[in-house]
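Structural features, examined
Here is what each chain is made of, one letter per residue.
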Amino acid sequence: MHNQALSEMLMAPSCWQTQLSCRTAHAGHLPFESDVVIVGAGIGGLAAALRALESGYSVTVLEAGEVGCGASGRNSGFVVPIPSRHSPASLQHLLGENTAPFLAALSDAAQTVIEYAPSDLTVKGWVQPMAGAARGAADELAKNWVRLGAKVEPMEPQELENALGTTEYAEGLLFSDAGAINPLAFVYRLADTVNRKGGHIIERCSAVDVRPQARWVAVQTQRGEIRAGRVFIAGNAYGSAASRKTRRAISPLALTLATFAIPQVCHAEQLLPFSDNRKDMWFARRLGPVKLLTGCLALPLQRSAKCSALLQDRIKRLYGIVAQAPEQQWAGWVGLTPDGMPKIHHDERIIGWSGCNGRGIALSMLMGQTLMDRLCGINGLRLPLSSGTFRTGNALTWLAQMVIALDRRKQRRTVLAS
Ligand SMILES: Cc1cc2nc3c(=O)[nH]c(=O)nc-3n(C[C@H](O)[C@H](O)[C@H](O)COP(=O)(O)OP(=O)(O)OC[C@H]3O[C@@H](n4cnc5c(N)ncnc54)[C@H](O)[C@@H]3O)c2cc1C
């Protein structure tokens, strides 16, 4: 995408950020010491903070901007219990006998998120329609997911049409333990609970350096130093300064989102959130009776107007409606890894991770909880994930953009041919 256009969209507030006012009330004093210091107040950092507080530790969360200003307050809010870019077979190939326990933990995390999120805009159920799939493909895929313990069932064409308001798909899966939330409202609720339980969240306080000493870990911030017993780095794709190390294991890709006023589609009570199986994924959800949220990956040198036009074309194809220009448009960073799984960085008193691959709400919750247990020496769930010692740089970003561009071209040709 054109650099200037992308920078503007990365700075533009998300629909959640314009709806909920920011909470500067968290700009507190930096304590001298804390049992646990967490870098980053997104879903992952705050889930980790709650876990440490529940285990009786004193907790300080440092946030470079405001609570939820990273991906957690800028995403589409789909809560999905399967990793992106993976089929049952590829996941099993990667995780072996750990696949089912990993999916069960992700499903629990997804359900916790959906139950805990404020009910405003919360929807239960998420559909994965299959574009151009052969008849029976959904039955087969559902069987393979169910074998791994996933809570999923195939949908009949009429069911799909009723659930999505489009005849675009004849095959699809319904995940009953998935759904959609208002992600920023969820993050604010997590932050409120951290405050209530005695944690300190300090906004506009970037961790500049994290250095192990003989008896503590010295965390250098813009406002001075804090001594920590242990440190959790939760900067993810928004990692900067002290959390740059965890960001190195991922390749950043920009995802743009937009809202459109389409009352003709959104008035339907039933409309379920969906993300299809195209490489250049089509996805949408209803936000109340008028608004539809959708988006697409940003390609280099693509102007924001071109993104809007692409999304308007998709809306026309899905619902047969000519949508006006988007009401709001913004973008955020997604962290890719070569195998589509998150990477962990752990030494004795410091732990961190990165790499949601665009599907990180349930995953960040799970990672925050389980990695905090590991950092505190609690014998909890062991995630079958590797460490991220390599550096992929921009190669993976470039590859992903090529795949998307080719898929977009293929889709254009199919439309012209039909
Ligand atoms: C446009 C978009 C759409 C998405 N849609 C979905 C979706 O529908 N479903 C889904 O499951 N996932 C989605 N994702 C992914 C999901 O949003 C993320 O995986 C998840 O929010 C990551 O949470 P986090 O807490 O790990 O990171 P973040 O929310 O990014 O939080 C990291 C925080 O760390 C702070 N930070 C970084 N470095 C420092 C430092 N040195 N000192 C202090 N603070 C620091 C940052 O300011 C930031 O607030 C989407 C992502 C994007 C960008």
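Cut-offs and rules
- Residues numbered from 1 in each chain as written.
- Predicted model: local features only at pLDDT ≥ 70, side-chain atom pairs only at ≥ 80, totals over all residues.
- Heavy atoms only, no water.
- Helix = DSSP H or I, 4+ residues; strand = E, 2+ residues; numbered from the N terminus.
- Rg over C-alpha atoms; globule rule 2.2 N^0.38 Å.
- Buried < 20%, exposed > 50% of the residue type's maximum accessible area, 1.4 Å probe, protein only.
- Contact = heavy atoms within 4.5 Å.
- Areas by Shrake-Rupley, 256 points an atom, 1.4 Å probe, with all protein chains shown as cover.
- Lys, Arg positive; Asp, Glu negative; His and termini not counted.
- Charge placed at Lys NZ, Arg CZ, Asp CG, Glu CD.
- Arc of directions from axis to C-beta.
- Near = heavy atom within 4 Å.
- Polar contact = N/O pair within 3.5 Å; in protein donor to acceptor, adjacent residues only side chain to side chain.
- Nonpolar A, V, L, I, M, F, W, Y, C, P; charged D, E, K, R; others polar.

Side note on the overall build of the protein
- Along the backbone of the protein there are 13 helices and 17 strands.
- Rg of the C-alpha trace for the protein: 21 Å, near the compact-globule value of 22 Å for 418 residues, within the 12% margin.
- Once the C-alpha set of the protein is aligned to its principal axes, its extents read approximately 70 × 45 × 40 Å.
- Residues classed as buried in the protein amount to 56% of the 418 residues present.
- Sequence-distant contacts, at least 24 apart, represent 76% of the contacts inside the protein between residues at least 6 apart.
- With the model as given, the accessible surface of the protein reaches about 18100 Å², and the carbon-plus-sulfur share is 52%.
- Taking the average location of the 43 positive side-chain charges in the protein and that of its 33 negative ones, the two points are 6 Å from each other.

A closer look at helix α4 (residues 88–95)
- All buried positions along α4 are accounted for by P88, L91 and L95. Angularly, the buried residues of α4 cover 70 degrees about the axis, an arc narrow enough to put them on a single face. Facing away from the buried side of α4 by over 90 degrees, the exposed positions are A89 and H93.
- The inward-facing, buried residues of α4 contact α5 (99–116) and α6 (137–147).
- The positive-phi residue at the C-terminal boundary of α4 is G96, with phi of around 55 degrees.

Describing the site of the ligand
- The environment of the ligand is formed by 40 residues, the closest being E63, S72, F78, N236 and S243.
- At 2.9 Å from an oxygen atom of the ligand is found a side-chain nitrogen or oxygen belonging to N75.
- Calculation on the ligand without its partners gives an accessible area of 1000 Å², and the protein chains cover 97% of this total.
- Taken together, the elements giving at least two residues each to the shell around the ligand come down to α3 (43–54), β11 (251–261), β15 (328–336) and α12 (361–375).
- Of the residues assigned to the shell around the ligand, the class counts are 19 nonpolar, 18 polar and three charged.

Just distances and angles here, no functional claims.
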